[in-house]
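Architecture at a glance
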Amino acid sequence: MSKNSILLNIDNDVAYITLNRPEVFNSFNREMALSLQDILDDCETNPDVRAIVLTGSGKAFCAGQDLKEVTDRDANPGFKKILEEHYNPIISKIRSSRKPIIGAINGVAAGAGANIALACDIVIADEKVSFIQAFSLIGLIPDSGGTFFLPRLIGFQKATALAMLGDKISAEEAERLGMIYTYVSSEEFEETIQKYALKLAKMPTKALGMIKELFNASMTNNLETQLALESKFQIEAAQSNDYAEGVAAFIEKRKPTFNGN
């Protein structure tokens, strides 16, 4: 299915969402940003979707904002609208989704594109990929959650340097720093993405959503608050059909069949 500049394909309980403006390295304009939000909303409420893959078409994952839009006097939406109506909602929807989201980074991820990638739950990159906080190179600051996620992933000092200097980071270096989960060869990339996506889609979806919500909360909670939230969620998880199935399968020494409830 195609929705303007975003492609959506649902297969085996996995929603494959592809940024599809390859002629401009999948940089965002207003139409593309709003379309992505709509599709993320649709995936969240679709019972046939239990995992999501976000990737790009062509040579890039995403080059960030389409600068032609912000320099066009007639079409320029302005930075306030771009941030409040485009990127901030995209990041919020990625993080609030109760379904696991794989960032399948097929090519360069720059600016907002890099930070959208970092907001995903599990980031897997092609070995040829580079990440760059390109904002300072044109007099801007990292947005799309960059100042939130980057220092938490790789540490305050390294994040500050990358944001200020605009250094290009390879996939190998990104993995070493803990910025991404892993990188694989170009030949193995698509197969690896599918393998992880199908695995997540067959796991206990409700529990995965709780894990995500707990990690989100841990970024601001103190220990006592986090422990209480863990207790609340564990009690809820223990009442799920998937927990009953997981325990039964363990006792019966068979592979569990989870339904996501």
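Shown above is the structure to which this text applies.
Quick look at the structure, then. Along each chain, residues carry numbers from 1 onward, in the same order as the chain's sequence is written. Since the coordinates come from a predicted model, pLDDT governs what is reported: local features require at least 70, and pairs of side-chain atoms require 80 or more to be given and counted, while whole-chain, interface and lining totals use all residues. Where side-chain values are given, they derive from all heavy atoms of the structure, hydrogens and water being excluded.

On to a negative patch on the surface, then. There is a patch of like negative charges on the surface, built from Glu-127, Glu-187, Glu-188 and Glu-191. Helix and strand definitions follow DSSP, with helices as H or I runs of at least four residues and strands as E runs of at least two, each counted in order from the N terminus. Looking at where Glu-191 falls in the secondary structure, it is placed in helix H8 (residues 189–201). Classification of Glu-191 by relative accessible area gives exposed; the value is 61%. Only residues above 30% relative accessible area that lack a salt bridge enter a patch, with like-charged residues linked at up to 9 Å and the nonpolar side chains Val, Leu, Ile, Met, Phe, Trp and Tyr linked at up to 5 Å. Residue burial considers only the protein chains on display, and all accessible areas are found by Shrake-Rupley using a 1.4 Å probe. Throughout this description, the term salt bridge denotes a Lys or Arg side-chain nitrogen within 4 Å of a carboxyl oxygen of Asp or Glu. Residues counted as positive are Lys and Arg, residues counted as negative are Asp and Glu, and His and the chain ends are not counted. Where a charge sits is defined by one atom per residue type, namely NZ (Lys), CZ (Arg), CG (Asp) or CD (Glu). Exposure is judged per residue with a 1.4 Å probe applied to protein chains only, and the accessible area is read against the type maximum: over 50% gives exposed, under 20% gives buried, and values in between give partly exposed.

Let us now look at unusual backbone geometry. A negative phi holds for most residues other than glycine; trans holds for most peptide bonds. Despite not being glycine, Asn-12 shows a phi value in the positive range, around 55°. Summarising the element assignment, Asn-12 is placed in the loop between strand S2 (6–11) and strand S3 (14–19). For Asn-12, a relative accessible area of 46% puts it in the partly exposed group. The phi angle at Asn-26 is positive, at roughly 60°, despite the residue not being glycine. Residue placement: Asn-26 occurs in the loop between S3 and helix H1 (30–45). On the basis of relative accessibility, which here comes to 0%, the residue Asn-26 falls in the buried class.

The next subject is the pattern of salt bridges. By the definition in use, this model includes 12 salt bridges. A salt bridge links Asp-66 to Arg-21; its shortest N-O distance comes to 3.2 Å. Here Asp-66 is found in the loop between strand S5 (60–62) and helix H2 (67–71), whereas its partner Arg-21 is found in the loop between S3 and H1, with 45 residues between them in sequence. Here Asp-66 matches Arg-21 in class, with each residue buried. Ionic pairing is found between Glu-236 and Lys-206, a salt bridge with its closest N-O pair at 4.0 Å. With Glu-236 in helix H10 (residues 223–237) and Lys-206 in helix H9 (residues 205–218), this pair connects stretches of sequence that are 30 residues apart. Look at the salt bridges and you will find they share partners, linking Arg-95, Asp-121 and Lys-212 into a network.

To continue, consider helix H5 (residues 146–154). Buried within H5 are the following residues: Gly-146, Phe-149, Leu-150 and Ile-154. Here the buried residues of H5 occupy an arc of 95° about the axis, which is enough to place them on one side. Looking at the buried residues of H5, the elements they touch are helix H3 (79–96), helix H4 (112–119), helix H6 (156–165) and helix H7 (171–177). Just past H5, the residue Gly-155 takes up positive phi, approximately 100°. The directions considered for the arc are those from the helix axis to the C-beta atoms. We call two residues in contact whenever any of their non-hydrogen atoms come within 4.5 Å of each other.

This next bit is on the nonpolar core. Residues grouped as a nonpolar core are buried Ala, Val, Leu, Ile, Met, Phe, Trp, Tyr and Cys residues, joined through side-chain atoms within 4.5 Å. Grouped together as the largest cluster of nonpolar side chains are 48 residues, with contacts concentrated most on Ile-17, Phe-28, Phe-131 and Met-179. Setting aside anything within four residues of it in sequence, one finds Phe-131 in contact with Ile-105, Ala-109, Ala-117, Ala-125, Asp-167, Lys-168, Ile-169, Ala-171, Ala-174, Met-179 and Ile-180. Counting residues in hydrophobic clusters, the runner-up holds 14 residues, among them Tyr-16, Ile-102, Val-184 and Ala-197.

Using protein atoms alone on a 1 Å grid, points that fit a 1.4 Å probe yet trap it form a cavity, whereas open point sets bounded by protein on both sides within 12 Å along at least five of seven lines form a pocket; residues with an atom within 4 Å of a point count as lining. Grid points are joined across faces, edges and corners, and a volume is the space filled by probe spheres set on the points. Summed over the entire model, instances satisfying the criterion amount to 1 cavity of 30 Å³ or more. Put simply, the largest cavity is a space of about 60 Å³. Along its surface, the largest cavity is lined by Ala-114, Leu-118, Phe-131, Ile-132, Gln-133, Leu-150, Leu-162, Asp-167, Ile-169 and Met-179. At the level of secondary structure, the elements contributing two or more residues to the lining of the largest cavity comprise H4 and strand S9 (130–132). In this classification, Asp, Glu, Lys and Arg are treated as charged, Ala, Val, Leu, Ile, Met, Phe, Trp, Tyr, Cys and Pro as nonpolar, and every other residue, Gly included, as polar. Of the residues belonging to the lining of the largest cavity, the class tally is 8 nonpolar, 1 polar and 1 charged.

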